[in-house]
Amino acid sequence: MKRIYLDHSATTRVDTRVLESMLPYFNEMFGNASSLHSFGQEAAVALSFSREQVAATIGAEPQEIIFTSGGTESDNMAIKGAAYISSSRGKHIISSVIEHPAVLHTCRQLEKEGFEVTYVPVDNEGILDMQFLEDSIREDTILISIMHANNEIGTVQPIKEISELIRGRGIILHTDAVQSVGKIPVDVNELGVDMLSISSHKIHGPKGVGALYLRNGVNIVPIVQGGGHERGLRPGTENIPGIVGFAKAMTIVREQLETDSRNMQYLRDHMIKKIRSKIPYTKLNGHENKRLPNNVNMSFRYVEGESLLMLLDMKGVAVSTGSACSSKSQKVSHVLTSIGLGADYIHGSLRFTLGRENTMKEIDLTVGLLEEAVMKLRLMSPFGEEE
Ligand SMILES: *Cc1c(COP(=O)(O)O)cnc(C)c1O
């Protein structure tokens, strides 16, 4: 059975070009980039080339890139690092109610340590309440962390507007761009951010590697102590094969973002239209246009998302309910709750996230299988359609 993968916001397949770029760095060029001999120099050259590639894709300078173990670490490092260094000026942080757990739980930890965090609400389509954000800014506000695009419903937030709003006020702006890189243009100067998190495995790179963009002149304190790697901000011997693969994945994003994003958006719109025409009692979650080109998050009334996921999985189609991050914790999605979705819609929600390798044929097959599964479950559902 040929399987269909529609869970690209959870993780992606490593691109063959990425894999090939990494292989020599496991055994031929295995050096430690800090060593002075030729083995070390090979690694150091790869590290510096990779830094240039990652920087070029987001419009940054190479020295503004700090390699990390991924999105979670970048978020922790940005938020804690900026909060600790600025705590003598103020202890107020602004974030949002729909952030990824890597941001949300970091903020909660800082609250335990004496910081105060305001969580800005979103409207029914998942867009940030800008007036609320503006009214929340205080004299002692030191940091704002708002995600660029949401991992569950794909809504894209007005980061540029936020940066314009706070310009010159001495507040550090961080954005989690883990989901937006590779799907929509991400340029640190266009967005006007001071810090930006990226993860390699969400863009067809290897797992366990990522980066934090840190604008020249913005200071943070390291949250891990050790040697002097990554300007002393992220000590530890560099993961050279991972970093090389991540950089290759970023280079591919730079080269084919336009094409990839156009194709994904075409498939996304086709899928939404087809589901709406074939399956009654559905609802698209998130914003109609201000959403990632690869995100289809829909609720199917009178069915359980988990049952739907299982039926599709048996047919070889991989999707997610709500968010992959919360699927193990069995909690109701905080994002779907935040957009005011009723319990019946939340329980019947599925997230399809497309990738550059998906085809129209796969989408059509999926919608057919989905229609079958929804009808089957609705027949068994205790709730009649005429309820
Ligand atoms: C996946 C994800 C993360 C975590 O990245 P990892 O590299 O898996 O640690 C953070 N934020 C968002 C929005 C994500 O989708």
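An account of the accompanying structure is given in this report. (Residues numbered from 1 in each chain as written. Predicted model: local features only at pLDDT ≥ 70, side-chain atom pairs only at ≥ 80, totals over all residues. Heavy atoms only, no water.)

**Some details on the sheet that holds strand E6 (residues 172-176)**
Strands in a sheet are paired, the pairing made by backbone hydrogen bonds, and the direction either parallel or antiparallel. In plain terms, the rule: At least two bridges found by DSSP between two strands is the condition for calling them paired. Helix and strand definitions follow DSSP, with helices as H or I runs of at least four residues and strands as E runs of at least two, each counted in order from the N terminus. In this analysis an axis means a line fitted to C-alpha atoms, helices contributing only their contacting stretch, and an angle means the value between N-to-C directions, from 0 to 180 degrees. Contacts are assigned to residue pairs with any non-hydrogen atoms lying within 4.5 Å of each other.
Taken together, seven strands build an open sheet; the order of strands is E2-E8-E7-E6-E5-E3-E4 and the sheet is mixed. Where the open sheet ends on each side, the last strands, each with one partner, are strand E2 (65-68) and strand E4 (116-120). Averaged over neighbouring strand pairs, the angle between their axes works out to 20 degrees when direction is ignored. Inspection of the sheet shows strand E7 (residues 195-199) paired to strand E8 (residues 210-214) by five bridges, in the antiparallel sense. Note that in E8 the partner of Met195 across the bridge is Leu214. Packed onto the sheet, helix H4 (residues 71-86) meets E2, strand E3 (92-96), strand E5 (141-145), E6, E7 and E8 and runs at close to 160 degrees relative to E7.

**Thoughts on the site of the ligand**
Convention followed: Put simply, a residue is near a molecule or strand once any heavy atom of it comes within 4 Å of that molecule or strand. As used in this structure description, the phrase polar contact means that two N or O atoms lie within 3.5 Å; if the pair is within protein, one of them must be able to donate a hydrogen and the other to accept it, and residues adjacent in sequence are counted only when both atoms belong to side chains. Any residue that is not Ala, Val, Leu, Ile, Met, Phe, Trp, Tyr, Cys, Pro, Asp, Glu, Lys or Arg is counted as polar, Gly included; the first ten are nonpolar and the last four charged.
Close to the ligand lie 13 residues, the nearest being Thr72, Asp176, Gln179, Ser199 and Lys202. Measuring from an oxygen atom of the ligand, one finds a side-chain N or O atom of Thr72 at 2.6 Å. Within the side chain of His201, an N or O atom sits 2.8 Å from an oxygen atom of the ligand. Looking at the shell around the ligand, the element that brings in the most residues is H4, giving three residues. Grouping the amino acids of the shell around the ligand by side-chain chemistry returns two nonpolar, eight polar and three charged.

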